[in-house]
Amino acid sequence: MALHQPKLDTSPRVSDEIRKTTCYMCACRCGINVHMKSGKVSYIEGNRDHPVNKGVLCAKGSAGIMQHTAPSRLRAPLKRVGPRGSGEFKEISWDEALEIATEWMAPLRADAPEKLAFFTGRDQSQSFTSFWAQNFGTPNYAAHGGFCSVNMATAGIYTMGGAFWEFGQPDWDHTKLFMLFGVAEDHDSNPIKMGLGKIKARGAKVIGVNPIRTGYNAIADEWVGITPGTDGLFILSLIHVLMAAGKIDLDYLSRYTNAPVLLNSDPGSAEFGLFLRNEDGKPLVIDRMSKELVPFDRPGVRPDLSASYDQKDITHRTVFHRMAERYLSPEYAPESVADRCGISAARIRSIAAELARVAFDEAIELDREWTDFRGENHRSMIGRPVSFHAMRGISAHSNGFQTCRALHVLQIILGSVETPGGFRFKPPYPKPADAHPKPHCNVTPGGPLDGPHLGFVQGPDDLALKPDGTPARIDKAFTWENPMSAHGLMHMVISNAHAGDPYKIDTLFLYMANMSWNSSMNTGGVMEMLTDKGEDGEYVIPRIIYSDAYSSEMVAYADLILPDTTYLERHDCISLLDRPICEADAAADAIRWPVVEPDRDVRGFQSVLCDLGARLGLPGFVDADGSQKYADYADYIVSHERRPGIGPLAGWRVGDGAGRGEAPPDQIDRYIENGGFWIKHIPEECAYYKPWNSAYQDWAVETGFYDKPQPYLFQLYVEPLRRFQLAAEGHGDRQPPEALRDRIKIKLDPLPIWYSDGEDAEGSFDIHALTQRPMAMYHSWGSQNAWLRQLHGHNPLYVPSKLMREKGLQDGDWARVSSAHGEIIVPVMEMAALNSNTVWTWNAIGKRKGAWALDPDAPEARKGFLLNHLISELLPPKGDGLRWSNSDPVTGQAAWFDLRVRIEKVPPPGQSQPVFPPIHYSADQ
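Rules and cut-offs
- Residues numbered from 1 in each chain as written.
- Predicted model: local features only at pLDDT ≥ 70, side-chain atom pairs only at ≥ 80, totals over all residues.
- Heavy atoms only, no water.
- Helix = DSSP H or I, 4+ residues; strand = E, 2+ residues; numbered from the N terminus.
- Phe/Tyr/Trp six-rings, centres within 6.5 Å; stacked < 30°, edge-to-face > 60°.
- Core = buried A, V, L, I, M, F, W, Y, C linked by side-chain atoms within 4.5 Å.
- Buried < 20%, exposed > 50% of the residue type's maximum accessible area, 1.4 Å probe, protein only.
- Contact = heavy atoms within 4.5 Å.
- Polar contact = N/O pair within 3.5 Å; in protein donor to acceptor, adjacent residues only side chain to side chain.
- Pairing = 2+ DSSP bridges.
- Axes fitted to C-alpha atoms, helices over the stretch in contact; angles between N-to-C directions.
- Salt bridge = Lys/Arg side-chain N within 4 Å of Asp/Glu carboxyl O.

## What about unusual backbone geometry?
Residues Pro-427 and Pro-428 are joined by a peptide bond in cis, for which omega reads 10°. Take Pro-428: it is sitting in the loop between strand S22 (423-425) and helix H15 (493-499). Pro-914 follows Gln-913 through a cis peptide bond whose omega is 5°. Non-glycine residue Ser-38 carries a positive phi angle of around 55°.

Below you can see the structure in the form of structure tokens.
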């Protein structure tokens, strides 16, 4: 009798339709195919045609379906009815919610716009939100960059016109040696994985510099387990070795950097350390051939790196001369830095030798003719196939700005920036610092701010100060405390507002920023600030408006909730005006669009701002007759122009469709038809040497990045920093406070330096403590995702083997971890591949009970934890009567990774400490 086998459908129908859009599960902005079945999302995969990921998709991207259906999604606008922090709300209509918001904000705009503080998280629409804030008239706007990686971006733009991540990438096709510094797995995930696979298949070497060996560092051919916060010292030692050996690209330095620019070398001069310039303000060099003093960009000039020039009894020497004096000093020799870096002198010399060998002995040459900005024709493109990548690990220290600068200088002296095999800019970069706006802060009641909030200062005259010298912004950005804070200081907004320093605010307006939990230092203190009341019984911060898609910890502390959609239910614009998806060989931008309609009473936040802007009569959001200018964000994306012919999206504009021109009415439909993106490839002759390549400069003008060619020199020596030093030395009309003079003189050095400002570097807290994000999670919203929770349901504190033995610890034990600010009690686990004096954990796994619709006994709340409880926004007293901000003195970036702790074994408490009362979210209808 024959057996009857069941009939199995081995190729089940996955979907009825595929809708192509852009992922939101991290900042890669990969293209995705969203499979629809019976009108619902059934499956998400990578889009093979997309320029970013070419079909590759990580666990986060695939799990986006769970994000879209998460039980923690907010369902309607909410008005607080219980005390702040209680989670007690009443559901209200959108009309009522917008009426309340308008009633709160309209009087502020009319009388004191600065009393609105509008700060946004990683929303990827900062061009739009800053435009809204500028039209409201408040100076108090910024996004998350001030507590993320502003040091990296700012140091890169001041030095070379761009930086890593969204500004550029390695030349994956040609690099032979790739070196990572402080890179965790969450940033740039799919492109880096694809690139690493490509170069390892070719046999290229990867060196990972990181105290923690996970992710990318785990597959590196060589791992350098550096002491946290000493990357800059290590890099400057590499520079010392390379310069001493003569292994630097002198021709590149002469042609494309300010190494040959002449500096005033008279210590008695009021212009000591400034460039010698002509009447047009152009820096001057000595031509090697004619020996004449000429502008740097004169056709045919060959700048002399070793020149000097006497004028009016003042000697002027080159930047290169100053560099040699600085970096050939014995203080940067490997033998002098080895103990502090935790890297032997022999190993430092070995790495420097390998960089030199690959850069010069294995140089490559592409048969591509090009013409530089001085009119000189080059028959080929010479490549130094050494490339670097770095991120938050070296940025989130109090010396992060100078460390990032040091890394950029290392790249530049090797000649490996914008050359084959090295680091390459992504359009619309490169752009020098002086091509960006300066920050604006002048308030006019009833009118818009006098210009953009954020930008790049060129000296003390550009600081955001009131006439009496006090800070104009609530976060004290662009002040003497942190002059170059190009992304603002989001981590200081709540504590400054609570203290009324520099002034009181009325309304705190936040979007997608979990400031009562993992996005704040001093988390417990911040929760108290948000709920604190004055002697009059009113909240110290009178009103808080918050928008998010999910019931995060921050929701409980708001007075009014404007519920956002998920990323599959709204329009978004990944714009060339903001944070585009470009690759080094092409300009590109992208959209998100509602592949499904919300099943709740929620609205995309950007569309809500269009509505609020019209209700408030903001000039950029109403027509001449006072009617609403943009029906919603989709209308804004197509209709708005930042300048004639230039708008949020560059694709399919009337004309040549190349970035300039009028946007067609069906522009978004054209993006949808094309898979959600637009791309324009860079011509082959423009692909390298972008800051100096005449063909690229013309292509960039044609594409709309700027209105005329703007070639420039890389700034090894950053003159604006010297202008601040001169002020601290007593020169000029605008002077810093006396207490800050010495700090400015030392730390705002125009050539990269290294210093240590750890929280308690010499006290009893002598163990370094770090956090990083895992590849499977990006921000705190990942822990609500059922798929991703299986990978990271809780987080231990990873402890190196040496400390485990010293402290008598074993896997599964619990330890008290103390800092100068506080203490936590957490489970521990041994890790051998870790700097021997460093502990670490995954960030944003730990959750407060009751948040994110998780069960109160969820592992994230019982065994998950944050190091944030140990970190203060202010440093311990130094004996000078002042409390210094726990941030970089140049940019104000939060110094998360300067944390020092001590550890001791304790009996298991059953759950991680501290424990806060559960949030009981409720919403009466």
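Now that the structure has been shown, the text picks up again.
## Structural notes on the packing of aromatic side chains
Here the structure, examined in full by the defined rule, presents 46 aromatic pairs. Measuring from ring centre to ring centre gives 5.8 Å for Tyr-633 and Tyr-636, while their planes differ by 15°; the resulting arrangement is stacked. Taken together, the positions of Tyr-633 and Tyr-636, both in helix H18 (residues 633-639) and three residues apart, correspond to about one turn of that helix. Measuring from ring centre to ring centre gives 5.0 Å for Trp-652 and Tyr-671, while their planes differ by 80°; the resulting arrangement is edge-to-face. Residue Trp-652 is found in the loop between H18 and helix H19 (667-673), and its partner Tyr-671 is found in helix H19; the two are separated by 19 residues along the sequence. Connected via pairs of aromatic rings, a cluster forms that spans Phe-164, Tyr-252, Tyr-256, Trp-370, Phe-423, Phe-425, Tyr-689, Trp-692, Tyr-712 and Phe-714.

## Re the nonpolar core
Grouped together as the largest cluster of nonpolar side chains are 175 residues, with contacts concentrated most on Met-105, Trp-132 and Phe-509. At eight residues, helix H3 (residues 94-111) tops the list of elements feeding residues into this core. When neighbours within four sequence positions are excluded, Trp-132 is seen to be in contact with Met-105, Leu-116, Phe-118, Phe-509, Leu-609, Leu-612, Gly-613, Leu-616, Leu-618 and Phe-621. Of all hydrophobic cores here, the second largest spans 113 residues; its members include Ala-163, Leu-305, Val-337 and Phe-423.

## Things to note about the environment of Arg-73
Residue placement: Arg-73 occurs in the loop between helix H2 (64-68) and strand S4 (78-80). Once the C-alpha coordinates of Arg-73 and Ala-549 are considered, the two residues, 476 residues apart in sequence, prove to be 5.7 Å apart. If near-sequence neighbours (up to four positions away) are discounted, Arg-73 is found in contact with Gln-67, His-68, Ala-549, Tyr-550, Thr-566, Glu-569, Asp-599 and Arg-600. Reaching out from Arg-73, the side chain makes a polar contact with the backbone oxygen of His-68 at a distance of 3.2 Å.

## Digging into helix H5 (residues 150-160)
H5 sits mainly inside the fold: eleven of its eleven residues count as buried. Listed as buried for H5 are Val-150, Asn-151, Met-152, Ala-153, Thr-154, Ala-155, Gly-156, Ile-157, Tyr-158, Thr-159 and Met-160. Residues of H5 that are buried sit in contact with strand S21 (386-390), helix H13 (392-395), helix H14 (400-413), S22 and helix H21 (719-728). A positive backbone phi angle near 90° is found at Gly-161, which sits one or two residues after H5.

## Some thoughts on the sheet that holds strand S28 (residues 677-681)
Across a sheet, paired strands are connected by hydrogen bonds in the backbone, their directions being either parallel or antiparallel. Spatial ordering of the open sheet is given by S26-S27-S28, a layout of three strands whose pairing is antiparallel. Each edge of the open sheet is held by one strand with a lone partner, namely strand S26 (572-574) and S28. When the angles between neighbouring strand axes are averaged without regard to direction, this sheet yields 5°.

## Some thoughts on the pattern of salt bridges
Inspection of the entire model under this criterion finds 54 salt bridges. The residue Arg-615 makes a salt bridge to Asp-95 at a minimum N-O spacing of 3.8 Å. Taken as a pair, Arg-615 in helix H17 (residues 605-615) and Asp-95 in helix H3 lie far apart in primary sequence, 520 residues in all. Using a relative accessible area of 46% as the deciding quantity, one classes Asp-95 as partly exposed. Two residues, Glu-362 and Lys-176, come together in a salt bridge whose shortest N-O distance is 3.9 Å. Of the two residues, Glu-362 sits in the loop between helix H12 (345-361) and strand S17 (364-366) while Lys-176 sits in the loop between strand S8 (168-170) and strand S9 (177-181), which places them 186 residues apart along the sequence. The class for Glu-362 is partly exposed, based on a relative accessible area of 25%. Note on Lys-176: relative accessible area 30%, which makes it partly exposed.

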